[in-house]
Amino acid sequence: MSRVLVTGAVSGLGAALTAAFRARGDEVLATDRVSTGSSDRVDLQLDITSDDDWAAALAAVEERWGGLDVLVNNAGVAGGGRIDVAGLDEWEWILEINLLGVVRGCRTFTPMLKRQRSGRIVNVASLAGLVHPAGMASYNAVKAGVVALTETLGHELSPYGVRASVVCPSYFRTNLMDSLRGADEALGAIVTQLVERSPWTADDIAAAVLAGLDAGDEVILPDPAARAAYELKLRDRPAYDVQMRHQAARLEELGGPVG
Ligand SMILES: NC(=O)c1ccc[n+]([C@@H]2O[C@H](COP(=O)([O-])OP(=O)(O)OC[C@H]3O[C@@H](n4cnc5c(N)ncnc54)[C@H](O)[C@@H]3O)[C@@H](O)[C@H]2O)c1
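Residues numbered from 1 in each chain as written. Predicted model: local features only at pLDDT ≥ 70, side-chain atom pairs only at ≥ 80, totals over all residues. Heavy atoms only, no water.

Enquirer: So what exactly am I meant to see when it comes to the packing of aromatic side chains here?
Expert: Centre distance and the angle of the planes are the two values used to describe a pair of aromatic rings. Applying the stated criterion across every chain, the model contains one aromatic pair. Considering the side-chain rings of tryptophan 54 and phenylalanine 109, the 6.3 Å spacing of their centres and the 75° angle between planes classify their relative orientation as edge-to-face. Remark: phenylalanine 109 occurs in helix H3 (residues 88-116) and tryptophan 54 occurs in helix H2 (residues 51-64); sequence separation between them is 55 residues. Like tryptophan 54, the residue phenylalanine 109 is buried in the burial classification. Cation over ring: arginine 64 sits above tryptophan 65, and NZ or CZ is 5.6 Å from the ring centre. (Phe/Tyr/Trp six-rings, centres within 6.5 Å; stacked < 30°, edge-to-face > 60°. Helix = DSSP H or I, 4+ residues; strand = E, 2+ residues; numbered from the N terminus. Buried < 20%, exposed > 50% of the residue type's maximum accessible area, 1.4 Å probe, protein only. Lys NZ or Arg CZ within 6 Å of the ring centre and 35° of its normal.)

Enquirer: How should I be thinking about the site of the ligand in this particular structure?
Expert: The local shell around the ligand holds 27 residues, among which Ser11, Leu13, Asp32, Tyr139 and Thr174 are the closest. Within the side chain of serine 11, a nitrogen or oxygen atom sits 2.6 Å from an oxygen atom of the ligand. Measuring from an oxygen atom of the ligand, one finds a backbone N or O atom of leucine 176 at 3.4 Å. Protein contacts shield 96% of the accessible area of the ligand, which totals 830 Å² for the unbound molecule. Of all the secondary-structure elements, those providing two or more residues to the shell around the ligand are helix H1 (12-23) and helix H4 (137-156). Its residues assigned to classes, the shell around the ligand shows 14 nonpolar, nine polar and four charged. (Near = heavy atom within 4 Å. Polar contact = N/O pair within 3.5 Å; in protein donor to acceptor, adjacent residues only side chain to side chain. Areas by Shrake-Rupley, 256 points an atom, 1.4 Å probe, with all protein chains shown as cover. Nonpolar A, V, L, I, M, F, W, Y, C, P; charged D, E, K, R; others polar.)

Enquirer: Mind showing me how you'd approach the pattern of salt bridges here?
Expert: Side-chain pairs of opposite charge can arise whenever the charged atoms involved come near each other. Here the structure, examined in full by the defined rule, presents 11 salt bridges. A salt bridge links arginine 104 to aspartate 51, with the nearest nitrogen and oxygen atoms 2.7 Å apart. Of the two residues, arginine 104 sits in helix H3 while aspartate 51 sits in helix H2, which places them 53 residues apart along the sequence. Between aspartate 184 and arginine 82 there is a salt bridge; the shortest N-O distance is 2.9 Å. Note that aspartate 184 is positioned in the loop between strand E6 (162-167) and helix H5 (185-196) and arginine 82 in the loop between strand E4 (70-73) and H3, a separation of 102 residues in sequence. For the pair shown, aspartate 184 and arginine 82 are each scored as buried. A single network of salt bridges, built from pairs that share partners, joins Arg24, Asp26 and Asp214. (Salt bridge = Lys/Arg side-chain N within 4 Å of Asp/Glu carboxyl O.)

So yeah, pure geometry; function would need other evidence.
This is how it looks when you write it as C-alpha cells:
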C-alpha cells in the first residue's frame, strides 16, 4: 500500500490515476483547485500556484500519514499560440501553472522525502516536452521544463533513495481544452480536434502510467503515438522535421499569415 498525493484529481488524468491507485489498494489524497464542497472527487483544495495551499497540503499529509510515498504533479492547463500571436501574459500564465506549479510541489515535499529516504515524484509533462510542434511554443517550453526538472531531481535525489519519473503522453480525451486560453484561435481549433479525436482515454493513459512506474521507468511514454513520435525524432531527424514543417504549414493555412 502506497500513500499518494495527486494534483488536479477532479478531472481527466488526475481522476483516472486516483481511481487506478485506489483500485490496487493505495491510499490517495485527491487534490484540486476546486473546493472540497464542489466535487466529491476532491479531499483537499490545492491550487498548485499557491504557496499557502502547498503548505497546507504538507501539513495534511503529515497529520494523516506522517509521510508520503508518491507525489503526482498532474494538474495543468492548455495554452500555446504562434510566437507573434500569443501575448506575454499567456506565457506568464502557463509558466506559473504548468512549470512553477510543479516546481512548488517538488520543493514542498522534497524535504519530507529526503528525511524518510524513500519516495517517488511523478511529474505529468507531455509529449510536447520532448517533440515540439509549431504554434505551441509556450506549452512546449514549460513541458520541456518539466522534463528537465524531473531528470534533474532523479539525479539529485538518488543519494536519498528518492526517484523521479516524467509522464509524456500524446493527445488523449479529457476536459483539458476547457482550460485553453490564448489569442491564437487557429492553434486552439487544431489542438481541440486532436484531443477530441484521440483514440485514448484518461483511463488508458493512467493504466500505462502505473505500468511504467512499476517497471521503474524514468520517462514514461504511455501511448503508441507518443512512442512513435519520439522514436522518429531520435532516429530520423530529417523525416521528423518534414512532418513538423508540414504541420506548421497547415497551421498557417488555417490561421492565415500574421502581421
Ligand atoms: N489531455 C491531453 O491530451 C494531454 C496530453 C499531454 C499532457 N497532458 C497533461 O495532463 C495533465 C492533466 O490534464 P488533463 O488532460 O487530465 O486535463 P483536465 O482539464 O481534464 O484536468 C486537469 C485538472 O487540473 C486541475 N487544475 C488546473 N489548474 C489547476 C491549479 N492551478 N491547481 C490545481 N489544479 C488545477 C483542473 O481543475 C482539472 O481537474 C496536464 O498537466 C496536461 O498538460 C494532457
